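Descriptive structure summary
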Amino acid sequence: MALRALTGIKPTGEPHVGNWLGAIRPALELASSYDTFYFIADYHALNSIYDADALRKNTLSIAATYLAFGLDPGRSIFYRQSEIPEVFELAWILACFTPKGLMNRAHSYKDSVAKNVEAGRDPDQNINMGLYSYPVLMAADILIFSANLVPVGADQKQHVEIARDIAERINHNYKTALFVLPEPKIDDHVKTIVGLDGRKMSKSYDNTIPLFLEEKPLLKRINQIVTNSQAPEEPKDPEQSSIFNLHKLLLSGPEEEALRSRYRAGGLGWGHAKKDYFEALNARLQGPRKEYQRLMSDPAALEAILAQGRDKARAKASVFLDTVRSTIGIR
Ligand code: TRP
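Presented here is a report on the structure given in the accompanying data block. Just so you know, these numbers come straight off a predicted model, no measurement behind them. (Residues numbered from 1 in each chain as written. Predicted model: local features only at pLDDT ≥ 70, side-chain atom pairs only at ≥ 80, totals over all residues. Heavy atoms only, no water.)

**Side note on the pattern of salt bridges**
- The full count for this structure, using the stated rule, is 21 salt bridges.
- With its nearest N and O atoms 2.5 Å apart, the salt bridge here joins Arg260 to Glu257. Taken together, the residues Arg260 and Glu257, both in helix H12 (residues 253-265) and 3 residues apart, mark about one turn of the helix.
- The exposure class of Arg260 is buried, given its relative accessible area of 11%.
- A single network of salt bridges, built from pairs that share partners, joins Arg80, Glu83, Glu303, Arg310 and Asp311. (Salt bridge = Lys/Arg side-chain N within 4 Å of Asp/Glu carboxyl O. Helix = DSSP H or I, 4+ residues; strand = E, 2+ residues; numbered from the N terminus. Buried < 20%, exposed > 50% of the residue type's maximum accessible area, 1.4 Å probe, protein only.)

What follows is the structure in structure tokens.
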């Protein structure tokens, strides 16, 4: 039987080129060699999004994004976390085996406390239990489907390790191999996707290239990539160029080499380099852009796809949860 890969997507806003190349593309590639589970982690987003319309809209938008980039709901199981009640029951069970100290050491919680302390505020200010217990819910997401592999960004690695730790405790207590121990899979070039200003592409730096801009605003955005003041005829160092570093992610090995040589040879001005990148990117985004718009204008079709995923996911989750319950003595 094929190994299972599972990943959750937090619906927190407009997806950008960094999300695509760093997370969406590598996650979707796994569908050719694993049994794949993808879900929208809407109850994880409730941690920080308290606007009902925004949460609803982000959820549909991220679902449409994954589908537009090729998620095949016939082959993978694609669902909303909130539609799988078994996940939340398992989260409680896991919480009863989770040492409080383990949660105290979770990076995102620790970072929030550190920021408060630095600013002279109460250490717990604005920290809700959803943030504190975030890793427990994430462990339930993973363990309920016995995932072997969990593709995540580097910032989520600790959360997968926590899931593993909790699973081991329960297995050990009941002398069973009930829970599969998950492995994180970190895609290394996630770190190296640069934004318009040369820093990591991130919404918090306002340096992103959103995925579904129309052509004109897309070109305008690409023209904002920061360059140095070298004249067109001067040879350029491709490795130092944000344009090159973005463009190469769309190329095969030999194409990347050819582009590298063009930068080094001189005669390629920055304006031209941006236009070349725009053309390559636009060619790749045209199809998904259309499909995204089609799906967003047909929410019923999107809901139907998610409902199909929910049914498949729940069928598996409920069988597994029954086994968990009987293992721990709940019925
Ligand atoms: N915490 C992840 C993030 O912020 C999203 C997520 C929720 C997740 N549950 C998951 C990822 C389970 C992998 C597996 O990106």
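**Here's the deal with the pairing of strand S1 (residues 4-9)**
- Counting buried positions along S1 gives 5 out of 6 residues, so the element sits mostly inside the fold.
- As defined by bridge partners, S1 adjoins strand S2 (residues 35-40) across 6 bridges and the pair is classed as parallel. Within the sheet, the bridge partner assigned to Leu6 lies in S2 and is Phe37.
- The parallel pair S1 and S2, bridged by helix H1 (residues 17-29), forms a crossover whose chirality is right-handed. (Pairing = 2+ DSSP bridges. Right-handed = clockwise from strand over helix to strand, strands pointing away.)

**Considering the site of the ligand**
- Residues in close proximity to the ligand total 14 residues, the closest being Gly8, His44, Tyr134, Asp141 and Gln156.
- In this structure, Tyr134 approaches the ligand through a side-chain N or O atom, which is 2.6 Å from a nitrogen atom.
- Measuring from a nitrogen atom of the ligand, one finds a side-chain N or O atom of Gln156 at 2.7 Å.
- In isolation the ligand has 360 Å² of accessible area, and contact with the protein removes 89% of it.
- Secondary structure elements with two or more residues in the shell around the ligand: S1, helix H8 (134-143) and strand S4 (149-152).
- Sorting elements by how many residues they give to the shell around the ligand places H8 first, with 4 residues.
- Residue classes in the shell around the ligand are distributed as 8 nonpolar, 4 polar and 2 charged. (Near = heavy atom within 4 Å. Polar contact = N/O pair within 3.5 Å; in protein donor to acceptor, adjacent residues only side chain to side chain. Areas by Shrake-Rupley, 256 points an atom, 1.4 Å probe, with all protein chains shown as cover. Nonpolar A, V, L, I, M, F, W, Y, C, P; charged D, E, K, R; others polar.)

**Quick notes on the side chain of Lys274**
- Its place among the elements puts Lys274 in helix H13 (residues 270-296).
- We note that Lys274 is buried and unpaired, the nearest opposite charge coming from Asp197 at a distance of 13 Å.
- For Lys274, the contacting residues outside a window of four places in its chain are Ile222, Asn223, Ile225, Thr227 and Ile243. (Lys, Arg positive; Asp, Glu negative; His and termini not counted. Contact = heavy atoms within 4.5 Å.)

In short, geometric facts, not functional conclusions.
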